[in-house]
Amino acid sequence: MTTEAETPRLTMSGIVKRFPGTVASDGAELSVRAGEVHCLLGENGAGKSTLMKILAGSYQPDAGEIRLDGEPVVLNSPQAGLAAGIAVIYQELDLIPDLSVAQNLLLGHAPAVGPVVRKKKRLELARAAVARVGGDFPVTATVRDLPIAAQQLTAIARALTADARVIVMDEPSATLGENDLLKVFEVIRSLAAEGRSIIYISHRMDEVMEIGDRATVLRDGRTVGVYDIADTDPGELVSAMIGESRELVRTTQRPRPEGEPLLEIRSVRIPGVIDIAGIDVRPGEVAGLAGLGGAGRTTLLRALFGDTRAARTVRLGGAPLRASSPAAAVRAGLALVPESRKEQGLMLGLSVARNAAVTALGRPPWLLPGRTGRVRTAPVLKDLGVRFASPDQPVGKLSGGNQQKVVLAKWITRGGVRVLLLDEPTRGLDVGAKADLYRQVRELADSGVAVLLASSELNELTANADTIWVLHEGRNVARFDPRNTSENTIAHTVITGVTP
Ligand SMILES: Nc1ncnc2c1ncn2[C@@H]1O[C@H](COP(=O)(O)OP(=O)(O)OP(=O)(O)O)[C@@H](O)[C@H]1O
Ligand SMILES: [Mg+2]
């Protein structure tokens, strides 16, 4: 626990926010100093994003007080939040997709003479902000056309143009790759050095230990502790988040599944992009795909799923796999949980139960009788530990991590899946939720499903995969048995493309 010396830049005290069926903030406290990087931690649904939406002026609290540099402030709209010097980069980015990067960056505060926007000046300011975050895309590009990482960088650049005193980043690492994240870390350090305060939300302890000065842990909408990160062990933070000591299983050391391969990737090729050959996955096997960003993992999974055109020789259960489109892939028994939340096919306005049941019942979800959806999905949602007030609640109202779990629930509810393709399935999940997810994946595998699991978290692969394939610059360069290979050896191969 820490004590306050000077007047903090920001204090939020006794913040209460109720939603129907949920108390998202239940007397939360947060105090942030000028020039510090303050991490906000907690399980999925603990109330992190809600507290930040209150700070932004997007949600009105039912009780509580906010002070900036000691002065009480009323932030009753997002404009009021921005005017007070608070910029929030949301988990679900709130850029306007049809406007250009430059227009988004200076929305609401474009340089102008009277009503006339000074377009050249705007481009200049926008270019400077994008360059500062290390973006290499043109500011004239339409946001919709940019990859998700570039959109995330645009959102961060926007906070820079707003000259904010407090900048909140809600899980940037859930959408950014390793390289972009390193750039963002540099930006965070330089912003903090200028005396700005950064509130950083992440579920990854390695990032928290690297970038954070202090951390506040929330549980069930309440603050359970404030820590100086330099004197705190990551295990301590995790225990504070999950409350009771909970078993975060390391998988059983099972023999590698034997028998005929279910999925045989003889060759998948896109000239100049990927050239993968000779990956087999047996029923019951979890095959990990390790690699750096751009190594080809996502492309391979999408090509298998018929979502990207590729020259493929792939067999499923001894017969050629016909998956010329995602619909055909689903009919053949494939399921893909894609990496970006925006593509995960959730219908945010529809209920949790309908979303979870949609692939199961093969009918447009709005035609589903509500009861059928609820009955079919209840056990799966419970098993995955999805937190919601009611199965009839719109899925868009769930916390980010809980939305992620509903995507997996869709496929589990469906049944009939023979090959499960998972692309970074644990991004945005808290530690407990990761363990729940891997337990589910293991159960699916044990029921005979072949699983291909792409992850950037090598420790998750070594703990959960039966085999690890390393992809490097579009090729599969090595295969390891995690039971008798060190993580270091695998990491070396991931980076260099050669086995030490
Ligand atoms: N607009 C809303 N309407 C109803 N309930 C909501 C709304 N926003 C959030 N909640 C609920 O409030 C609780 C806290 O959600 P919040 O998004 O703040 O969690 P979080 O800590 O950010 O989680 P994650 O790590 O998964 O992003 C959850 O139970 C969520 O379902
Ligand atoms: Mg959140």
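Residues numbered from 1 in each chain as written. Chains lettered and ligands numbered in written order. Predicted model: local features only at pLDDT ≥ 70, side-chain atom pairs only at ≥ 80, totals over all residues. Heavy atoms only, no water.

Considerations on the packing of aromatic side chains
Filter applied, for reference: Pairing of aromatic side chains here covers Phe, Tyr and the six-membered ring of Trp, requires ring centres within 6.5 Å, and sorts the geometry by plane angle: under 30 degrees stacked, over 60 edge-to-face, intermediate tilted. Numbering of helices and strands starts at the N terminus; helices are DSSP runs of H or I of at least 4 residues and strands are runs of E of at least 2.
With the rule as written, the count across this model stands at 2 aromatic pairs. Judged by centre distance (5.5 Å) and plane angle (75°), the rings of F19 and Y59 are edge-to-face. In this pair, F19 is assigned in strand β1 (residues 10–19) and Y59 in the loop between α1 (48–56) and β4 (63–68), connecting sequence segments 40 residues apart. Ring centres of F185 and Y200 lie 5.9 Å apart, and the angle between their planes is 70°; on these two criteria the pair is classed as edge-to-face.

Some details on the domain arrangement of the protein
Our working rule: Boundaries between domains were set according to an automatic or database domain assignment. Contact between two residues is taken to exist if any of their heavy atoms lie within 4.5 Å; hydrogens are not considered. Take the accessible area each of two parts loses on contact, using a 1.4 Å probe, and add the two losses: that sum is the buried area. Any carboxyl oxygen of Asp or Glu within 4 Å of a side-chain nitrogen of Lys or Arg constitutes a salt bridge here. Counted as a polar contact is a pair of N or O atoms within 3.5 Å, where, for protein atoms, one must be capable of donating a hydrogen and the other of accepting one, and residues adjacent in sequence contribute only when both atoms are in side chains. Only Asp, Glu, Lys and Arg are considered charged in this grouping, and only Ala, Val, Leu, Ile, Met, Phe, Trp, Tyr, Cys and Pro are considered nonpolar; every other residue, Gly among them, is considered polar.
If you check the domain split of the protein, you get domain 1 (10–242) and domain 2 (263–496). If you average the C-alpha positions of domain 1 and of domain 2, the two centres end up 29 Å apart. Across the boundary between the two partners, domain 1 contributes 22 residues, which contact 16 residues of domain 2. Summed over both sides, the interface of domain 1 with domain 2 buries roughly 1400 Å², with 45% coming from carbon and sulfur. When the buried surface of domain 1 facing domain 2 is broken down by residue, N44, A174 and H203 rank first, second and third, together holding 34% of it. Summed over the shared surface of domain 1 and domain 2, the result is 2 salt bridges. For R387, the salt bridge is made with D220, and the minimal N-O distance between the two is 3.7 Å. Where domain 1 touches domain 2, the interface holds 4 residue pairs in polar contact (both at pLDDT 80 or more). Class assignment for the residues of the side of domain 1 that touches domain 2 results in 8 nonpolar, 9 polar and 5 charged.

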